[in-house]
Protein chains: 2
Amino acid sequence: MKLNTKSRYAVMALADMSKFSRKKPISLRDISLRQSISLLYLEQIFLKLKKNNLVKSTRGTNGGYVLIKDPNEIKLSEIFLALDEKVKTLGCNKESKKGCNGKFTKCITHNLWDELESHINTFFENKKLSDLIKINQNRI
Amino acid sequence: MKLNTKSRYAVMALADMSKFSRKKPISLRDISLRQSISLLYLEQIFLKLKKNNLVKSTRGTNGGYVLIKDPNEIKLSEIFLALDEKVKTLGCNKESKKGCNGKFTKCITHNLWDELESHINTFFENKKLSDLIKINQNRI
DNA sequence: TATATACCCGACTAAAATAGTCAAGTATTG
DNA sequence: CAATACTTGACTATTTTAGTCGGGTATATA
């Protein structure tokens, strides 16, 4: 079980912004250098963050991105949502009229994965971007 | 984020055994039919479960597998361990002398993923195989 | 003792997901 | 008008996943 890099980089980049941001825009180039993330990849990520109203952009020289909300108002769950990264623990398809394993009944472990999913989602619901900065004062 | 099928099938198969088992061995063929899991794949999975002392086997006609411990003594964490399925949330390499992102410092989100990892592991530590059966009396 | 059943084990592979890159822009500032 | 920086979709190499395949070995029962 692993989280994908896009989600991880998104959190990393937004944490970076929370830490370094004042009012003026931060360029992806700066984030790229500080966090060692490919610039081209960051662009892809920020496009989604923008579409989901987590950041806004300013073009041109001295342009860049700014957080729309305060770091202590940004839940990690929002970030994952923006990147379409869902905590998906099930093998079975909830939407389907069929149950799991192609049968019409739910599989024996169905409830378990549901529980786990909530367990993890709760974690991300309760975690704010600002929490990361507090713990990591001494980190780049 | 997703769990792999091997782990899911392992839990499913062991839950099946907990439910249907008395003293006599259960063949993979039966589990395969009841849970709609490929027989060949189950063999692969049970090899690992056996090596890790979760089940023991009897060969030949009427052979099969038996749980070594009681379902209420088998933690889900043990099952994942048997399949080398680790809850891996980090992008950085803990073992390396370097930190994350090829730098010597830990990345800004390092602690976060550590926390999540513990959060999930705790869930699996506290969950027993027997718990699945209780909830799923009415399931196959 | 023959035969069917069922475990044992390593190697292989098609398909999907991941982690990016690339090309070709557009907008803004200095 | 040049440099900077965001915008967007398409493309692709690599890795992982989710299995299959082939060729065993051991045992029970007829």
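Because the structure is a prediction, the values reported are computed rather than measured. (Residues numbered from 1 in each chain as written. Chains lettered and ligands numbered in written order. Predicted model: local features only at pLDDT ≥ 70, side-chain atom pairs only at ≥ 80, totals over all residues. Heavy atoms only, no water.)

Below, the discussion takes up unusual backbone geometry. With a phi close to 55°, N53 of chain A is a non-glycine residue in the positive phi region. Within the fold, N53 of chain A resides in the loop between α3 (39–51) and β1 (55–58). (Helix = DSSP H or I, 4+ residues; strand = E, 2+ residues; numbered from the N terminus.)

Attention now moves to the protein's contact with DNA strand C. Contacts to DNA strand C come from 27 residues, most closely from S38, Q44 and R59 of chain A together with K50 and Y65 of chain B. Sugar and phosphate atoms constitute 67% of the interface atoms of DNA strand C, taking the interface as everything within 4 Å of the protein. At 2.7 Å from a base oxygen of DNA strand C is found a side-chain nitrogen or oxygen belonging to Q44 of chain A. Within the backbone of G60 of chain B, an N or O atom sits 3.3 Å from a sugar or linking oxygen of DNA strand C. Mapped onto the surface near DNA strand C, the elements with two or more residues apiece are α1 (5–20) and α3 of chain A together with α2 (28–35), α3 (39–51), β1 (55–58) and β2 (64–67) of chain B. Among the residues making up the surface near DNA strand C, the classes are represented as 7 nonpolar, 15 polar and 5 charged. (Near = heavy atom within 4 Å. Polar contact = N/O pair within 3.5 Å; in protein donor to acceptor, adjacent residues only side chain to side chain. Nonpolar A, V, L, I, M, F, W, Y, C, P; charged D, E, K, R; others polar.)

Residues F46 and I79 of chain A together with F46 and I79 of chain B are the most contacted members of the largest nonpolar core, which totals 78 residues. In this view, F46 of chain B contacts A13, L14, M17, L28, I31, V55 and Y65 of chain B; residues no more than four positions away in its chain are not counted. (Core = buried A, V, L, I, M, F, W, Y, C linked by side-chain atoms within 4.5 Å. Buried < 20%, exposed > 50% of the residue type's maximum accessible area, 1.4 Å probe, protein only. Contact = heavy atoms within 4.5 Å.)

Moving on to the protein's contact with DNA strand D. Around DNA strand D, the structure places 27 residues, and the nearest of them are K50 and Y65 of chain A together with S38, Q44 and R59 of chain B. Contacts to DNA strand D include Y65 of chain A, whose side-chain N or O atom sits 2.7 Å from a phosphate oxygen. Between DNA strand D and the protein, one listed contact pairs a phosphate oxygen with a side-chain N or O atom of S38 of chain B at 2.5 Å. Elements supplying a minimum of two residues to the surface near DNA strand D: α3, β1 and β2 (64–67) of chain A together with α1 (5–20) and α3 of chain B. Top element by residues in the surface near DNA strand D is α3 of chain A. It accounts for 4 residues.

Here the focus is the packing of aromatic side chains. Across all of its chains, the model carries 10 aromatic pairs over all chains by this definition. Geometrically, the ring pair formed by W113 of chain A and F80 of chain B is tilted, given 6.4 Å between the ring centres and 50° between the ring planes. Of this pair, W113 of chain A sits in helix α5 (residues 110–126) while F80 of chain B sits in helix α4 (residues 76–82), placing the two residues on different chains. A relative accessible area of 1% means that W113 of chain A is categorised as buried. Through a chain of ring-to-ring contacts, three or more aromatic side chains come together here, namely F80, F123 and F124 of chain A together with W113 of chain B. Looking at R34 of chain B, its charged tip hangs above the ring of F20 of chain B, at a distance of 3.9 Å from the centre. (Phe/Tyr/Trp six-rings, centres within 6.5 Å; stacked < 30°, edge-to-face > 60°. Lys NZ or Arg CZ within 6 Å of the ring centre and 35° of its normal.)

All names here are of chain A. Contact geometry of helix α2 (residues 28–35) with α3 gives a least axis separation of 9 Å together with a crossing angle of 120°. Overall, the two elements α2 and α3 adopt an arrangement that is oblique. For the pair α2 and α3, the sense of crossing is right-handed. For the pair α2 and α3, contact is made by L28, R29, I31 and S32 and by L39, L42, E43 and F46, respectively. Residue composition of the contact of α2 with α3, by class: 5 nonpolar, 1 polar and 2 charged. (Axes fitted to C-alpha atoms, helices over the stretch in contact; angles between N-to-C directions. Parallel < 35°, antiparallel > 145°, perpendicular 65-115°, else oblique. Left-handed = near helix turned anticlockwise from the far one by under 90°.)

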